[in-house]
Amino acid sequence: VVAAFVLLGKIPGGWNEVVAVGNEFHKFNLFDFTFDLSRSYTFWSGVIGGAFLTTATHGTDQLMVQRYLCARNSRQATLALLTSGAVIFAQFILFLLIGVMLFVFYQKVAVLPPEVAAKADRVFPHFIVTQLPTGLIGLVVAAIFAAAMSTLSSSLNSLSATAVTDFYRPLFARDKSDAHYLNVSRLMTGIWGVVQIVVAMIAIAMQGRGVDAVLAVASFTNGPILGLFLLSTLTRRVGPTGALVGVVTGIAGMTFVWLQLNVSWQWYVLIGSLITFVIGSLASVAFERKPQT
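Residues numbered from 1 in each chain as written. Predicted model: local features only at pLDDT ≥ 70, side-chain atom pairs only at ≥ 80, totals over all residues. Heavy atoms only, no water.

A.B. asks: How should the environment of Ser-284 be read in this particular structure?
C.D. replies: Position of Ser-284 among the secondary structure elements: in helix α12 (residues 268-287). A relative accessible area of 1% places Ser-284 in the buried class. Counting along the chain gives 44 residues from Ser-284 to Pro-240, while the straight-line C-alpha distance between them is 8.7 Å. Setting aside anything within four residues of it in sequence, one finds Ser-284 in contact with Arg-237, Val-238, Gly-239 and Gly-242. (Helix = DSSP H or I, 4+ residues; strand = E, 2+ residues; numbered from the N terminus. Buried < 20%, exposed > 50% of the residue type's maximum accessible area, 1.4 Å probe, protein only. Contact = heavy atoms within 4.5 Å.)

A.B. asks: Please clarify how the packing of helix α3 (residues 43-59) against α12 should be interpreted in this entry.
C.D. replies: The angle between the axes and the distance between the axes are what describe a pair of packed helices. Across the interface, α3 lies against α12 with an axial gap of 7 Å and an inter-helix angle of 65°. Comparing the axis directions of α3 and α12 gives the class roughly perpendicular. On α12, the residues that touch Ile-48, Phe-52, Leu-53 and Ala-56 of α3 are Val-269, Leu-270 and Ser-273. Grouping the constituent residues of the contact of α3 with α12 by class yields six nonpolar, one polar and no charged. (Axes fitted to C-alpha atoms, helices over the stretch in contact; angles between N-to-C directions. Parallel < 35°, antiparallel > 145°, perpendicular 65-115°, else oblique. Nonpolar A, V, L, I, M, F, W, Y, C, P; charged D, E, K, R; others polar.)

A.B. asks: Please explain the pattern of salt bridges as it appears in this structure.
C.D. replies: Once the charged atoms of two side chains with opposite charge are near each other, the side chains can pair. Taken as a whole and assessed by the stated rule, the structure comprises one salt bridge. The closest approach of N and O atoms between Asp-32 and Arg-39, which form a salt bridge, is 2.6 Å. (Salt bridge = Lys/Arg side-chain N within 4 Å of Asp/Glu carboxyl O.)

A.B. asks: Quick question: what am I supposed to make of the side chain of Thr-60 here?
C.D. replies: Tracing the backbone through its elements, the reader meets Thr-60 in the loop between α3 and α4 (62-68). Of the polar contacts made by the side chain of Thr-60, one reaches the backbone oxygen of Ala-56; its length is 2.7 Å. In this structure, Thr-60 is in contact with Thr-55, Val-65, Asn-222, Ile-225, Leu-226 and Phe-229, ignoring residues within four places of it in sequence. (Polar contact = N/O pair within 3.5 Å; in protein donor to acceptor, adjacent residues only side chain to side chain.)

A.B. asks: What is the right way to read the packing of α3 against helix α10 (residues 210-234) from this model?
C.D. replies: Running from N to C, α3 and α10 point in directions that differ by 75°, and their axes come no closer than 9 Å. Looking at the two axes, α3 sits roughly perpendicular to α10. Residues Phe-52, Leu-53, Thr-55, Ala-56, Thr-57 and Gly-59 of α3 form the contact with α10, whose own contacting residues are Ser-219, Asn-222, Leu-226 and Phe-229. Of the residues assigned to the contact of α3 with α10, the class counts are five nonpolar, five polar and no charged.

A.B. asks: Hey, could you run me through unusual backbone geometry in this one?
C.D. replies: Excluding glycine, residues mostly carry a negative phi; peptide bonds, for their part, are mostly trans. Residue His-26 is not a glycine yet carries a positive backbone phi of 60°. The topology assignment puts His-26 in the loop between α2 (14-24) and α3. A residue is classified by how much of its surface remains accessible, and His-26, at 55% relative accessible area, is exposed.

A.B. asks: Is there a simple way to explain a nonpolar patch on the surface in this structure?
C.D. replies: A contiguous nonpolar patch, built from Leu-30, Phe-31, Phe-33, Phe-35, Leu-37, Trp-44, Val-47 and Ile-48 and spanning about 840 Å² of accessible area, is present on the exposed surface. Tracing the backbone through its elements, the reader meets Phe-33 in the loop between α2 and α3. (Patch = residues over 30% accessible without salt bridge, like charges linked within 9 Å, V, L, I, M, F, W, Y side chains within 5 Å. Areas by Shrake-Rupley, 256 points an atom, 1.4 Å probe, with all protein chains shown as cover.)

A.B. asks: Honestly, helix α11 (residues 240-260) in this entry has me stumped. Any pointers?
C.D. replies: Given 3.6 residues per helical turn, the α-helix brings residues three or four places apart onto the same face. The terminal C-alpha atoms of α11 lie 30 Å apart, and with 21 residues this matches the ideal 30 Å at 1.5 Å per residue to within 8%. Taken residue by residue, α11 has Gly-242, Ala-243, Gly-246, Gly-250, Gly-253, Met-254 and Val-257 as its buried positions. Viewed along the axis of α11, the buried residues span an arc of 100°, placing them on a single side of the element. The outward face of α11, more than 90 degrees from its buried face, is lined by the exposed residues Pro-240, Leu-244, Leu-259 and Gln-260. Buried residues belonging to α11 abut α10 and α12. (Expected span 1.5 Å × (residues − 1). Arc of directions from axis to C-beta.)

A.B. asks: Explanation requested: the packing of aromatic side chains in the structure shown.
C.D. replies: The geometry of an aromatic ring pair is captured by the separation of the ring centres together with the interplanar angle, meaning the angle of the planes. What the rule picks out here adds up to 13 aromatic pairs. Between Phe-31 and Phe-33, the ring centres sit 5.9 Å apart and the planes meet at 35°, which makes this aromatic pair tilted. Between Phe-33 and Phe-43 the ring centres are 4.8 Å apart and the planes differ by 40°, which places this aromatic pair in the tilted class. Here Phe-43 lies in helix α3 and Phe-33 lies in the loop between α2 and α3, a separation of 10 residues in the sequence. (Phe/Tyr/Trp six-rings, centres within 6.5 Å; stacked < 30°, edge-to-face > 60°.)

A.B. asks: What's the story with the nonpolar core in this structure? I'm lost.
C.D. replies: Soluble globular proteins tend to pack their nonpolar side chains together in the buried interior. Core analysis: the largest hydrophobic core is formed by 20 residues, its most contacted members being Leu-7, Met-101, Leu-102, Phe-105, Tyr-106 and Phe-127. Mapped onto this core, the elements with two or more residues apiece are α1 (2-10), α2, α5 (74-108) and α7 (123-131). In terms of residue count, the dominant contributor to this core is α5 (seven residues). Within the second largest apolar cluster, 13 residues are counted, among which are Leu-53, Leu-226, Met-254 and Val-263. (Core = buried A, V, L, I, M, F, W, Y, C linked by side-chain atoms within 4.5 Å.)

See below:
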């Protein structure tokens, strides 16, 4: 919000200029009804693909589910989910408006260095460092670190919990003490922290936008996970064999889509979940002899 007000103050003409330049460069075109699987951020990819992506991230991802489990009851969890949706919607409107204002600012007022202009992710940090007053720079940077730390702590906790509960404990150490599992979870947190640092360094070197790369990876993995979730909730016949065949096929299918087909990441969850669900159901018919209870 502070950055938005500072931007408006630095743009001659204020909001009227933002609207005029934004309209000139079609920055306020809200809907693209082109049905093209290779294009991102169209109406159809947002409504259809986005629905599947949100179902996966908010319905099956340990990162989100662990937060629901902290609620007193299902009603409170539902209220928290709906409230977060409204807040995030307003937050994204603000982000998009700041993006338009940054575009106008560097079109009409200032010039971006070539190394910043070459990568969109660097524009806002460059504005913060070069245009905000000294005190506000510290506050905004502190806010960025706070947001990053809260997100990373949740993701590290979910990764560690999943690694210990779903893999280490059942496969390697079934009857250890709670203290043992706590120490292993701490070790896993450190290991996953190193992995995230490596991924961040790779993202810095990438040419495209970081947000697209992150969402593409998340969509790739969430497709088979959502398909597995749908197998467990919508069918009664699927057992371990069918589920495993479905997930493996879903991952293989998504790998082919990712490497060989020009399909936007916004369709990945839909494609991956459908492959997993269909193949898992067919494999269950072939291999499972009676309904699983």
